[in-house]
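# Understanding the architecture of this molecule
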Amino acid sequence: MENFHLSTIDILIIVAEILLVVIIGFLAARKVKRTTEGYFLASGNMPWYLIGAAFVSTSISSEQIVGTIGAAYKGGLGIANWEWWALPTYLLTMIFFIPLYLRNKIMTVPELLNKRFGPACGAIYSFVILIGYIFVFLPPVIYGGSLTLSELTGWNQGYVMAGIILITASYTLAGGLSSVMWTDAIQCIMLIGGGVIFYFVALSHIPGGWGAMVEAAPERFHLYKPPSDPEAPFAGLILATFGVFLFYQSSNQVMIQRILSARSRWDGVMGLIFSGFINIVRPLVTCLVGLILYHWLDVMHKDPSLLPDNQDRAFPLALQLFAPSGLKGIILAGFFAAVMASVSSLSNSIATIFSLDVYKKFINKDAVDKKLIIAGQISGGAALVISSLVAPLVGSVGLFKYFQTGVTYIATPFISVLLMGIFWKRANYAGAVAGLIGGVVIQIAIGAFLLAADIKLHWLYAGAIAQVLTMLLIVIVSLSTAPPALASINSFLWKWSWVQNMDDKSEQRPWWKQIKLWLALYALAWCYIYWRFW
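Read on for a plain summary of the structure. (Residues numbered from 1 in each chain as written. Predicted model: local features only at pLDDT ≥ 70, side-chain atom pairs only at ≥ 80, totals over all residues. Heavy atoms only, no water.)

Among the 9 residues of helix 16 (residues 314–322), 7 are classified as buried, and the element is accordingly described as predominantly covered. Where helix 16 is concerned, the buried positions are Ala314, Phe315, Pro316, Leu317, Ala318, Leu319 and Phe322. (Buried < 20%, exposed > 50% of the residue type's maximum accessible area, 1.4 Å probe, protein only. Helix = DSSP H or I, 4+ residues; strand = E, 2+ residues; numbered from the N terminus.)

Below you can see the structure in the form of C-alpha cells.
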C-alpha cells in the first residue's frame, strides 16, 4: 500500500512478538507427555484462564479482523452481533455439551458420535470436518493474514504465506495442544491489548468522538437489524443460536478441544465464562474501527471511499491512517498473533482427528502413542500446505462471506444429529447416518434451488431451513427402524442433574469462585450492551 511505512521499532516489535510466541511454544513442548492424551489433550490439565484465552484466540483470526472491520465499514454496528451474541450459545454449551463431553471422557467429537450412534457417524464427521478445516476454515485465515501484510509492506504474498505456515508449524507440531494453549494465551493478550489501544487512538482522530459518529449516521449504530438485512438479520441470529453458532462453539473440534483439556468441569465452564468477558471488548478489536474509518472517509471525506465492494481493504487502510510508528508494530504483532493462533489451533485439531479417528481406526489399528503422534504431526503439516494453495480462491468471494457460508453448510447436519441424540432417546444409528448424509444433500439442494431461482435468502435462514428438514429426516428414519438399546446410550442423554453438578460440588469453593456469580455478571454486562445499542 502506498505511503505506508514500518519504522525500525515497528519491525523490532513484530519480530520480538514472533520470537516470544515461538519460544513459549517450544518451552511448553518440552513438558508435554508423549502420550495421545498428553499430546492431543494436554493431559487434561488445563486451567480456566488458559481455556478462556485460547477459546478467544482460536475464534479471532484474520477472517474476523479483516472481514468484520470491512463489514462494519460497509454495514454498521450490526456486524458486532457476531462478537457480542455469544451468551445464548455459551449457555447452551455450558448446560448441554460440556457435561456431556467431560462426564463421558470424550477426546474428539467423532468419538462422541461413535459411542452415541455407531462407527459410521464418527467416520462421516471426521471426513467432512477434515475437508472443512482444510478448505473452509484455514484458507481465509492464511489469505487474510498474508494479504494484509503484503499490502502494508509490499512483500510478496506467497512468501508471507510460507512464513506464517513455517513459523506456526514449528511449535504446533512439536508440542501439540499444550503448546497451542500457552501460545494462544500470550497471543490473546497481545491481540486484545493492542487492538483496544488502536481503537482509542483511531477514535481520537474523529472530532467529537463516538457521539459525533452516531449523530452523523444514527441508522448505522443499532445491533438490531430487520429480517431482510443482508449482513446480520436479528431473526437469523436467533435461529443460528440453535444451529450454526451452537455447532461452532459446542461441537466444532477446534473449539471444544480447549474445553476437553480442562482439569475439571469447573475449569471448563469458567473458561467459557472468561472468554465471554473478553468478548465484551472484542468488537473494539475486530470491527468498531470500521465505523471510525467510515466516518473518516464517507462523512468527513478525508480520503476516497472504499464502497461499494472494496471493504476488505478497510483494516490495512485504517492502520495506515490512524496508527503512528510503534503502534503499527504493536497492532501488526497482535494481528499476526491472531493469525498464528488460528492456524496452530486448526492444525492441531486436524492432527487430533486424523490421528485418533482416521489413522488408528482405518489405517493402523494397533498404532502405539509414538506412531499416533507422528501421524498427527504429518497430517497437520500437510493440511497447512494444502490450505495455503487453496487460500487465493478466498479473494474472489470475500473473507467473511466465504467463511460464514462454508461453516453453515458443514454445521447443519452435525448439530442436527447431536441435538437429536442428546434429547431424544429414540434417535438411532440409522437416523443419525441419514441425518449426516441427507443433511448435506438437503443443504446443497437448498443452496442450488436458491441459486437457480435467483432467490436472495440470507445463509442463516437457509441453514435454519436445512436444519429443520434434517431433524425431520432423522425422526422419520429413526421411527421406521429399530430403537437403540437404552442401556448403551443412557449416559449420552441429557439430564437435569448435569446442571446441578456443573460446579463440581464435591469441592467447596468460596463465593467469589462460584460459577453462578460470574455467569450472572457476564449476563448483566451482555444485557446492558443490547439495551444500550438496540
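Structure shown, so let's carry the discussion forward.
Position of Leu306 relative to the elements: it lies in the loop between helix 15 (288–299) and helix 16. By relative accessible area, Leu306 is classed as buried at 6%. Measuring from C-alpha to C-alpha, the distance between Leu306 and Leu332 comes to 21 Å, with 26 residues separating the pair along the chain. If sequence neighbours within four positions are ignored, Leu306 has contacts with Tyr73, Leu293, Leu297, Gln311, Arg313, Ala314 and Leu317. (Contact = heavy atoms within 4.5 Å.)

Our focus in this paragraph is the environment of Ile350. Tracing the backbone through its elements, the reader meets Ile350 in helix 17 (residues 327–363). With a relative accessible area of 2%, Ile350 lands in the buried category. Beyond its immediate stretch of four places on either side in the chain, Ile350 contacts Leu130, Tyr133, Ile134, Leu138, Ser379 and Ala383.

Turning to the packing of helix 15 against helix 16, a few remarks are in order. Interaxial distance between helix 15 and helix 16 falls to 10 Å at its minimum, and their mutual angle equals 70 degrees. With respect to helix 16, the element helix 15 is oriented roughly perpendicular. By crossing handedness, the relation of helix 15 to helix 16 is classed as left-handed. Residue-level contacts link Val289, Ile292, Leu293, Trp296 and Leu297 of helix 15 to Ala314, Leu317, Ala318, Leu321 and Phe322 of helix 16. Residue classes in the contact of helix 15 with helix 16 are distributed as 10 nonpolar, no polar and no charged. (Axes fitted to C-alpha atoms, helices over the stretch in contact; angles between N-to-C directions. Parallel < 35°, antiparallel > 145°, perpendicular 65-115°, else oblique. Left-handed = near helix turned anticlockwise from the far one by under 90°. Nonpolar A, V, L, I, M, F, W, Y, C, P; charged D, E, K, R; others polar.)

For Ser355, the location among the structural elements is in helix 17. With relative accessibility at 0%, the residue Ser355 sits in the buried group.

Axis separation between helix 6 (residues 87–103) and helix 14 (residues 265–286) bottoms out at 10 Å; the angle between their running directions is 155 degrees. Between helix 6 and helix 14, the angle is such that the two are roughly antiparallel. Crossing geometry of helix 6 relative to helix 14 is assigned as right-handed. Residue-level inspection shows Tyr90, Thr93, Met94, Ile98 and Leu102 of helix 6 in contact with helix 14, the latter providing Arg265, Gly268, Val269, Leu272, Ile273, Ser275, Gly276 and Asn279. For the contact of helix 6 with helix 14, a count of residues per class yields 7 nonpolar, 5 polar and 1 charged.

Let us now look at the pattern of salt bridges. Summed over the entire model, instances satisfying the criterion amount to 5 salt bridges. Between Asp267 and Arg263 there is a salt bridge, with its nearest N and O atoms 3.1 Å apart. Given a relative accessible area of 46%, Arg263 falls into the partly exposed group. (Salt bridge = Lys/Arg side-chain N within 4 Å of Asp/Glu carboxyl O.)

What follows covers the nonpolar core. Of all hydrophobic cores here, the largest spans 154 residues; its most connected members are Phe97, Phe198, Leu293 and Phe315. Among the elements that take part in this core, helix 9 (residues 157–203) stands out by supplying 17 residues, more than any other. Apart from the residues within four sequence positions on either side, Phe198 is in contact with Val289, Phe315, Ala318, Leu319, Phe322, Ala323, Leu327 and Ile331. With 10 residues, the next largest nonpolar core counts Phe40, Met107, Leu356 and Ala375 among its residues. (Core = buried A, V, L, I, M, F, W, Y, C linked by side-chain atoms within 4.5 Å.)

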